[in-house]
Amino acid sequence: MSRCQLVHIPIAPTPPVKGHCEKKVHFEVSLSVTEGRVHLDMRQAGGKDPAFIAIEADCEVVVELKGDQLFFSKEYDAITMKGDYAAYYGGLVYDDYDRKKDRYRIVRFHALFNRGGKLGTSHPFNINVDLHQPGSKLEWIPISIDPDIKNPPPWPV
């Protein structure tokens, strides 16, 4: 079995956006089983294309995990980048803590709009989660989900 080394670069500890961001981008992630097949669903609320997070202005990005078994990783930061994008993303904050599981379900970070960037510029990142499988030998199964952030998105803003 081949295993590639994943790149996990933490986002900047301080937000790249000065002051408070009024605009929020909400991105939901869930795993479900339909007819015996595991289905990963990622979508940006109100987004034009659910396959990625579209940054159309300076904003706060909220990533929420849905379902009873999905929690943010204890081994890695919840959000890591696959390159150095500290100029665009930072200020990761955890929210919605589950005391019984000792894990979180929501994270927030700030994104700086890539003014003057080529439309559809991709910034690959990881959403690092643990899948809870109670009663199994490996009760927590680590998973890295790797969508993209389009900053700016592929359509004129």
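Just above sits the structure.
Presented here is a report on the structure given in the accompanying data block.

## Side note on the overall build of the chain
Then step 1. Counting secondary structure elements, the chain contains 0 helices and 12 strands.
Then step 2. Ordered by position in the sequence, the α and β elements of the chain form the string β-β-β-β-β-β-β-β-β-β-β-β.
Then step 3. Relative to the compact-globule value of 15 Å for 157 residues, the chain shows a C-alpha radius of gyration of 16 Å, a close match.
Then step 4. For the chain, the spread of C-alpha atoms along the principal axes amounts to about 50 × 30 × 30 Å.
Then step 5. Going through the 157 residues of the chain one by one, you find that 40% of them count as buried.
Then step 6. Long-range pairs, those at least 24 residues apart, make up 71% of the contacts in the chain between residues at least 6 apart in sequence.
Then step 7. Where the 20 positive side-chain charges of the chain centre and where its 21 negative ones centre are 1 Å apart.

## Section: the sheet that holds strand β3 (residues 37-44)
Then step 1. Pairing within the open sheet is mixed, and its 5 strands lie in the order β3-β2-β5-β9-β8. Edge positions in the open sheet fall to β3 and β8 (89-98), since each of these has one partner strand only. This sheet shows a mean twist of 20° between the axes of neighbouring strands, independent of strand direction.
Then step 2. As paired strands, β8 and strand β9 (residues 103-111) are joined by 7 bridges and run antiparallel to one another. Bridge pairing in β9 links Tyr 94 to Val 107.

## A short note on the packing of aromatic side chains
Then step 1. Here the structure, examined in full by the defined rule, presents 6 aromatic pairs.
Then step 2. The interplanar angle of 75° and the centroid separation of 5.7 Å between the aromatic rings of Phe 71 and Trp 140 together place this pair among those described as edge-to-face. Taken together, the positions of Phe 71 in strand β6 (residues 70-72) and Trp 140 in strand β11 (residues 140-145) put the pair 69 residues apart, joining distant regions of the chain.
Then step 3. Residue class for Phe 71 comes out buried when judged on its relative accessible area of 1%.
Then step 4. Residue classification places Trp 140 among the partly exposed residues on the basis of a relative accessible area of 24%.
Then step 5. Ring geometry for Tyr 88 against Tyr 89: centres 6.1 Å apart, planes inclined by 45°, an arrangement best described as tilted.
Then step 6. A relative accessible area of 23% means that Tyr 88 is categorised as partly exposed.
Then step 7. Chaining the aromatic ring pairs together yields one cluster made of Tyr 88, Tyr 89 and Phe 109.
Then step 8. Taking NZ or CZ as reference, Arg 105 lies 4.4 Å from the ring centre of Phe 71, over its face.

What counts and what doesn't
- Residues numbered from 1 in each chain as written.
- Predicted model: local features only at pLDDT ≥ 70, side-chain atom pairs only at ≥ 80, totals over all residues.
- Heavy atoms only, no water.
- Helix = DSSP H or I, 4+ residues; strand = E, 2+ residues; numbered from the N terminus.
- Rg over C-alpha atoms; globule rule 2.2 N^0.38 Å.
- Buried < 20%, exposed > 50% of the residue type's maximum accessible area, 1.4 Å probe, protein only.
- Contact = heavy atoms within 4.5 Å.
- Lys, Arg positive; Asp, Glu negative; His and termini not counted.
- Charge placed at Lys NZ, Arg CZ, Asp CG, Glu CD.
- Pairing = 2+ DSSP bridges.
- Axes fitted to C-alpha atoms, helices over the stretch in contact; angles between N-to-C directions.
- Phe/Tyr/Trp six-rings, centres within 6.5 Å; stacked < 30°, edge-to-face > 60°.
- Lys NZ or Arg CZ within 6 Å of the ring centre and 35° of its normal.

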